[in-house]
Each structure stands twice: as C-alpha cells, then as structure tokens.
Amino acid sequence: AAGGGLAAPVVSGEALDGLRGYRLAVASQARRFKRYPPEARASGWTGSTEVRLEVSADGLPLPALVSRSSGHEVLDRAALAMIDAGAQRARLPDSLRGRSFAVLLPVVFNLDEE
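This report concerns the structure included in the present document.

Here is what the cut-offs are and how they apply
- Residues numbered from 1 in each chain as written.
- Predicted model: local features only at pLDDT ≥ 70, side-chain atom pairs only at ≥ 80, totals over all residues.
- Heavy atoms only, no water.
- Helix = DSSP H or I, 4+ residues; strand = E, 2+ residues; numbered from the N terminus.
- Buried < 20%, exposed > 50% of the residue type's maximum accessible area, 1.4 Å probe, protein only.
- Contact = heavy atoms within 4.5 Å.

**Details of the environment of proline 63**
And step 1. For proline 63, the position within the fold is in the loop between strand 1 (47-55) and strand 2 (65-68).
And step 2. Sequence spacing of proline 63 and leucine 53 is ten residues, and the spatial spacing of their C-alpha atoms is 7.1 Å.

Printed below as a string of structure tokens:
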C-alpha cells in the first residue's frame, strides 16, 4: 500500500468547503501582510513559495513551513511571515473544528506588483 497505511481520511463535502473557505480566508488576510523584501526587489529576485499551513485539532495554526522553495531564502521567509500573520487572523470554519488538517498556499513574488 502506498504511503504505508496513511490513507487520507474520508472528508465530507462540508469539510472540503471548510478547507476551501479557510484557505481563502488565510490568503485574503495574509495579503495585507505581504512585504516584498527590499534586498530581493533590489536584486531583481522573483519566485513562488509554496507554504504548508497545519492547524491542530484544537484549532490553533502551527508555524507555517516551506513546502516548495522559491529558490531565495529571503522570499521564503517573507512568505512564511505573511501566511503566519494571515493564519492568526483567519476564522476557522465550524466544519473544521476539532480536526487537524493542512492546507497549501502559494505565495508569488513579482517585481511588477506594488
């Protein structure tokens, strides 16, 4: 068996909607905390960091982790700070209360963005 018996639990449609809603809530909150690191901008660095955010069964977000690096540590750190800030402010949907889960959020750094 692939994954050594770590089959994904069957997730109800309601919980799937909750996951989608939570991802959107974190992303929209996190947007307010996006800071393009000045040294990255000055160096012309761009990239996309994929961030993994885990939430424990007690509803608390754990520190975000880099799932896929942008190739620039300074951009990765900025992405983590942004997602952590968003996760602190995003409301947890009722359908996800009492369960642990993880979501992936991409953070893109483009030089043409404000």
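**Some points on the environment of arginine 52**
And step 1. When you line up the elements, arginine 52 lands in strand 1.
And step 2. According to the relative accessible area criterion, arginine 52 is partly exposed, its value standing at 34%.
And step 3. The spacing of arginine 52 and valine 66 is 14 residues in sequence and 6.1 Å in space, taken between C-alpha atoms.
And step 4. Excluding its chain neighbours within four sequence positions, the residues that come into contact with arginine 52 are Ala64, Leu65, Ser67, Ala102, Val103 and Leu104.

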